[in-house]
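Coordinates in review
Listed below, chain by chain, are the residues.
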Amino acid sequence: MTYRRWVGEATTKLSLVVADLAVAVAVVAAGVLMRPPGAGLVAGVAAGCVGLPLVLRRTAPVPVLVAVTAAGAAALVVGLRPEVVIWAVAYALYPVALAGGRSAVIGLAGALAGVLLVGVLDAVSTWLPLYGETEPGVESFGSTPVTAVGYAVVVIVGVWALGRWVGARRWYAAQLGEARTRQAVAEERLRLAREVHDVVGHNLSLIAMKAAVANHVGADREATLQTIETISRTALDDVRAVLDDGHDDLPDLAGLDALVAQARAAGLQVVVDRGDLSAVPAGVQASAYRIVQEALTNVRRHADARRCRIAVRAGAGVLRVEVVDDGTAGSPSVVSARGLAGMRDRAVGHGGTFAAGPEPAGGFGVRATLPFAA
């Protein structure tokens with residue numbers, strides 16, 4: 001955690017504590033100032049018992065609600081103004097409702113019971129409250145029971161409903177954040193798997209082809225082994241680059257010459273048609289490079305081709321990639337190859353299109369468009 005973030009969180013917590021303290025003082029002051037005649041010290045103690053626990057309502061919400069509700073019931077017996085007690089209980093109920101669960105339901109029931117039971121008793125008895133009203137005509141459970149009960153229910157239930165709504169929104173936001181985090185992790189794993197698949201698959205196909213040529217044709221085995229060693233080291237370096245520094249040192253289309261040289265060394269005749277690519281962003285070039293790389297890998301693995309044409313051109317904010325061979329195409333193993341799915345994901349990830357399939361004149365073609373900001 002950075003120092004600035006720590007200071008910000010500490011300031012926020014302190015401001016909330018100060019706010020609770022201010023509310024607690026206001027409840028105590030209201031209870032004392034609106035105390036019934038003759039209550040004196042008793043009203044002050046009752047008001048203190050109702051208001052002071054509110055300072056701790058964020059750290060111990062359930063105990064504070066219990067304490068405030070019990071003290072509020074006692075304060076109503078003494079004769080403290082009902083609105084002071086009702087709002088104090090509602091304020092203590094809010095964090096319990098915010099947390100949700102079984103405690104929220106029990107808290108609502110307890111808060112209503114603690115206020116209304118004493119209120120109803122006050123309405124039907126002649127000896128409550130112990131001290132008289134502050135002034136004639138003031139609304140209370142004894143003088144205006146229907147209004148007082150309705151007011152208590154509306155305030156307490158309303159504050160509880162607000163707490164549940166805010167709690168549900170926070171829960172939803174937390175779940176959404178966790179889902180986005182899991183999605184980001186899954187996408188990153190998929191990206192790394194795709195990169196490793198492209199790098200390893202491409203280089204292993206070169207190694208297998210060179211070894212097969214050396215074994216069947218009787219070529220210089222020492223030179224073949226050196227080539228295989230070079231390809232293997234390159235593959236290991238590429239994999240390390242992907243795993244250690246996933247977004248830096250991205251491949252670009254300047255490396256197309258090396259891909260072509262490797263394909264030609266493996267016996268494939270490759271023709272390249274490449275335009276000016278200087279305006280193409282690095283991320284788009286990296287995806288195009290991987291598409292060409294995987295397409296060449298599929299040509300060597302599946303197509304049994306002798307010739308291949310690669311076209312990479314940019315214009316009007318779109319990079320067009322085309323890889324066409326003269327091999328045998330259309331078999332299920334070619335059309336459903338995992339590499340095609342990876343190439344499609346790369347193109348679609350930039351908002352582009354992807355198509356792969358047999359060519360009318362024979363062979364197999366891979367075509368992709370990758371839009372970019374011109």
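Right above here is the structure, for reference.
Attention here is on the structure that accompanies the text. Only a predicted model underlies this, so the values are computations on that prediction, with no experimental measurement involved.

To continue, consider the overall build of the protein. When helices and strands are counted, the protein shows eleven helices and five strands. Nonlocal contacts in the protein, meaning residues at least 24 apart in sequence, comprise 71% of its contacts between residues at least 6 apart. Carbon and sulfur atoms provide 63% of the accessible area of the protein, an area that totals close to 20,000 Å².

We now examine empty space enclosed by the protein. Per the stated rule, a full pass over the model turns up two cavities of 30 Å³ or more. Reported here for the second largest cavity is a volume of approximately 80 Å³. For the lining of the second largest cavity, the residue count by class is six nonpolar, three polar and three charged.

A few words now on the packing of aromatic side chains. Following the criterion strictly, the structure yields zero aromatic pairs and no others. Just above the ring of Tyr-91 sits the side chain of Arg-57; from NZ or CZ to the centre is 3.7 Å.

One pass over the full model with this rule turns up nine salt bridges. Its salt-bridge partner being Arg-313, residue Asp-273 comes within 2.9 Å of it at the nearest N-O pair. With Asp-273 in strand 1 (residues 269-274) and Arg-313 in strand 2 (residues 307-315), this residue pair connects regions lying 40 residues apart in the sequence. Judged by its relative accessible area of 31%, Asp-273 is partly exposed. For Glu-322, the salt bridge is made with Arg-309, and the minimal N-O distance between the two is 2.3 Å. With a gap of 13 residues between them, Glu-322 in strand 3 (residues 318-325) and Arg-309 in strand 2 connect regions that are remote in the sequence.

Among the surface-exposed residues, Val-120, Leu-121, Val-124, Trp-127 and Leu-130 lie close enough to one another that they form a single nonpolar patch of about 530 Å² accessible area. Overall, Val-124 belongs to the exposed group, its relative accessible area being 65%.

Formed by 40 residues in total, the largest nonpolar core has its most connected members in Val-68, Val-115 and Ile-156. Those elements that place two or more of their residues in this core are helix 1 (3-33), helix 2 (41-51), helix 3 (61-78), helix 4 (82-99), helix 5 (102-124) and helix 6 (145-217). Ranked by residue count, the leading element in this core is helix 4, at ten residues. Those residues within four positions of Ile-156 in sequence are excluded, and the remaining contacts are Ile-86, Val-89, Ala-90, Leu-93, Leu-108, Ala-111, Leu-112 and Val-115. Counting residues in hydrophobic clusters, the runner-up holds 33 residues, among them Ala-263, Leu-268, Ile-310 and Phe-354.

Right, let's talk about the packing of helix 3 against helix 4 for a bit. Where helix 3 contacts helix 4, the axes come no closer than 9 Å and their chain directions differ by 170°. One way to sum up the angle between helix 3 and helix 4 is to call them roughly antiparallel. For helix 3 against helix 4, the interelement crossing comes out left-handed. Counting all contacts with helix 3, which are made through Pro-61, Val-62, Val-64, Leu-65, Val-68, Thr-69, Gly-72, Ala-75 and Leu-76, the residues of helix 4 involved are Pro-82, Val-85, Ala-88, Val-89, Ala-92, Leu-93, Pro-95 and Val-96. By residue class, the composition of the contact of helix 3 with helix 4 is 15 nonpolar, two polar and no charged.

For the rest of this paragraph, the subject is the sheet that holds strand 3. Strand order in the open sheet made by the five strands is 1-2-3-5-4, with mixed pairing throughout. Two strands in the sheet have a free side with no partner beyond their single neighbour: strand 1 and strand 4 (353-358). Shown here is a sheet whose adjacent strand axes are inclined to one another by a mean of 10°, direction ignored. Here strand 3 runs beside strand 5 (residues 364-371); their pairing, made up of eight bridges, is antiparallel. Among the inter-strand pairings, Arg-320 is bridged to a residue of strand 5, identified as Thr-369. Across the sheet, helix 8 (residues 256-265) lies against strand 1 and strand 2, angled at about 160° from strand 1, the strand it touches most.

Glancing now at the environment of Asp-273. Sequence separation of Asp-273 and Glu-322 is 49 residues, and the distance between their C-alpha atoms is 9.4 Å. Here Asp-273 is in contact with Ile-310, Ala-311, Val-312 and Arg-313, once residues within four sequence places are set aside.

So, on to unusual backbone geometry. Not every positive phi belongs to a glycine, and Ala-316 is a case in point at roughly 55°. Within the secondary structure layout, Ala-316 lies in the loop between strand 2 and strand 3. On the accessibility criterion, Ala-316 (84% relative accessible area) is exposed.

What counts and how
- Counting of residues starts from 1 at the beginning of each chain's written sequence and follows it residue by residue.
- Local features are withheld for residues below a pLDDT of 70 in this predicted model, meaning they are given only at 70 or higher, and side-chain atom pairs are given and counted only at 80 or more; totals for whole chains, interfaces and linings count all residues.
- In computing side-chain values, all of the structure's heavy atoms are included and hydrogens and water are not.
- Note on conventions: DSSP H or I runs of at least 4 residues are helices, E runs of at least 2 residues are strands, and numbering of each starts at the N terminus.
- Residue contacts follow a heavy-atom distance rule, with two residues in contact if any of their heavy atoms lie within 4.5 Å.
- Surface accessibility in these figures is a Shrake-Rupley result with a 1.4 Å probe; residues are shielded only by whichever protein chains are displayed.
- Every definition here rests on a 1 Å grid over the protein atoms only: cavities are sets of points where a 1.4 Å probe fits but cannot get out, pockets are open sets enclosed by protein on both sides within 12 Å along at least five of seven lines, and lining residues have some atom within 4 Å of a point.
- Grid points are joined across faces, edges and corners, and a volume is the space filled by probe spheres set on the points.
- Each residue gets one label: Ala, Val, Leu, Ile, Met, Phe, Trp, Tyr, Cys and Pro are nonpolar, Asp, Glu, Lys and Arg are charged, and the others, such as Gly, are polar.
- Aromatic rings from Phe, Tyr and Trp, taking only the six-membered ring of Trp, are treated as a pair when their centres fall within 6.5 Å; an angle between ring planes under 30 degrees marks them as stacked, one over 60 as edge-to-face, and anything in between as tilted.
- Geometrically, a charge over a ring is one whose NZ (Lys) or CZ (Arg) sits within 6 Å of the ring centre while staying within 35 degrees of the ring normal.
- Any Lys or Arg side-chain nitrogen found within 4 Å of a carboxyl oxygen on Asp or Glu counts as a salt bridge.
- Under the scheme applied here, a residue whose accessible area is under 20% of the maximum for its type counts as buried, over 50% as exposed, and between as partly exposed, the area being computed with a 1.4 Å probe on protein chains only.
- In this scheme, patches are assembled from residues that exceed 30% relative accessible area and form no salt bridge. Like charges are connected within 9 Å, while nonpolar side chains (Val, Leu, Ile, Met, Phe, Trp, Tyr) are connected within 5 Å.
- Put simply, a nonpolar core is a bunch of buried Ala, Val, Leu, Ile, Met, Phe, Trp, Tyr and Cys residues held in one set by side-chain atoms that sit within 4.5 Å of each other.
- Between N-to-C directions, angles cover 0 to 180 degrees, with each direction set by a line fitted to C-alpha atoms, over the stretch in contact for helices.
- Oblique is the label for any angle not covered by the other classes, which are roughly parallel (under 35 degrees), roughly antiparallel (over 145) and roughly perpendicular (65 to 115).
- By definition, turning the near helix anticlockwise from the far helix through less than a right angle yields a left-handed crossing, and turning it clockwise yields a right-handed one.
- At least two DSSP bridges between two strands are needed for those strands to be called paired.

This is a description of form; function is not addressed.
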